[in-house]
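Reading the structure
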Amino acid sequence: MSTQRTYTVGNKGTVWRMTDHDSNTWTDVSLASMVGQLNPLVPASGEGPTIVNPLWLNGVNLVDVMTDPNDSTKVCTIAGRALENRTASISSGFSGIFMSHDGGNNWFFPAGDWVDVCNTTAALCRNHFEVFYTDSLTIYIISQLGYVFKSVDGGLSFNTVKDANNTIQPVNATGFEWVSCIHMRKGIGGNPDYGVIAAIEDINQIGSGTYVYKTIDGGASWFVLNGGNPILNDILINDNVGEPGGIYISEDQNTIILQTEYLTKKSVDGGATFTGTLNSLRSGLHLTWYKTYEDISDDFWVTGENTHPINNSTDVGSTWTQTLNPPNWTIYGAHFYTQNTGYFTSDRSLLKTTQSGSNPVVSLGPLPAGGGMFGHGGIIADTLLYAVWTGQDLAYYE
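Quick summary incoming for the structure in this document.

What counts as what
Residues numbered from 1 in each chain as written. Predicted model: local features only at pLDDT ≥ 70, side-chain atom pairs only at ≥ 80, totals over all residues. Heavy atoms only, no water. Core = buried A, V, L, I, M, F, W, Y, C linked by side-chain atoms within 4.5 Å. Buried < 20%, exposed > 50% of the residue type's maximum accessible area, 1.4 Å probe, protein only. Contact = heavy atoms within 4.5 Å. Pairing = 2+ DSSP bridges. Helix = DSSP H or I, 4+ residues; strand = E, 2+ residues; numbered from the N terminus. Axes fitted to C-alpha atoms, helices over the stretch in contact; angles between N-to-C directions.

Quick look at the nonpolar core now. Residues Leu-31, Cys-76, Phe-98, Trp-114 and Phe-158 are the most contacted members of the largest nonpolar core, which totals 48 residues. If we ignore the near neighbours within four places in the chain, the residues touching Leu-31 are Gly-13, Val-15, Leu-57, Val-60, Leu-62, Phe-98 and Trp-107. Formed by 16 residues, the second largest nonpolar core is a distinct cluster that contains Val-161, Ile-197, Tyr-211 and Tyr-213.

Before going further, it helps to spend a moment on the pairing of strand E11 (residues 148-151). Judged from the 4 bridges that link them, strand E10 (residues 139-143) and E11 form a sheet pairing that is antiparallel. Residue Ile-139 lies in a different strand from E11, and its bridge partner there is Ser-151. Linking two consecutive strands that pair antiparallel, namely E10 and E11, is a turn of 4 residues; a positive phi of about 90° is found at Gly-146 within it. Bridge analysis of E11 against strand E12 (residues 159-160) gives 2 bridges, and the strand direction is antiparallel. When the sheet's bridge partners are listed, Phe-149 is paired in E12 with Thr-160.

The sheet built from 4 strands is open, its strands ordered E9-E10-E11-E12 with antiparallel pairing. Edge positions in the sheet fall to strand E9 (128-133) and E12, since each has one partner strand and no second.

One open sheet holds the 4 strands; their spatial order is E21-E22-E23-E24, and the pairing between them is antiparallel. If you trace the sheet from one side to the other, it starts and ends with strand E21 (284-290) and strand E24 (321-324), each paired once. With direction set aside, neighbouring strand axes in the sheet form an average angle of 25°.

Structure, rendered in structure tokens:
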């Protein structure tokens, strides 16, 4: 088994790397190495590309991170709105796609038309939310306005996915404001990649519908599931289920798990219908699973804030057990590298568990303090950690 690297990312362009899962020795590999590079993203003032400087990096919120499934020195991280402040405005310059092919020691902006799209469309296009590798060459990124950016060269470039007529096809062709999660899988037998996304019509509108869309042609076209209807809240009839936070599809395309702000739902018929399996969450922020590339994963975790920080399922999302319930903690992200062992981000700390979320210990930074949904403990200056990825290679699962 090759060396495994864990990465955690947060605001101010923060990236920390640990070499070997259990070493508990962290190295700061933040985006500071980019200072002096040409910044291709046009600032809000519109004066043209500028040079990356510390002030610009200070406003970059890194919200997701993932590694090449065969080489954890190759890592992609993306920037967008901070998770605890998604409804606030954001400067159009404080976003981006960032790649490193040497474990985070050096970062670069990939080439491709993603820059042109971000510079010529509404600034909201720049709010990237999730990144997912299907193999060492193919990477997908979803943005708020529904644009799917795809790399087929291992992150050297990202381009918008286009249909047969070479037309860009944003997922939200029907007008979604918030497209915030994606799960893609490698096509079998030479067929195109397939996957699912989840979107909400208006994050600020009570009762806005949340929809699940699917692609079977690598993102060139999308069709709505659940009979074309929004996903409904089982407890509050005809009420919305809140902002999507995570989505999963099995290799046979029959099982789909959707995690939202208020609940978790599961489909076993390819998305024709969805049934609630974890209701009244009202705090869901993130969905993760182990094993990442298995045909169908058994173990899932939903993270959230305050009263429901970690819930664990060992039966493919059918039933859930709350494994961590400390007062006033917010768990922004999580990733596991065994059935029981993994990391999760909490305010300004990175915590490790060997018991599926129970009895965590601090791996980076002190325990978070109380203070409600967005309580802050101390860590490195004012850093907030939003996501973590335990970069195990595919050989790790064999």
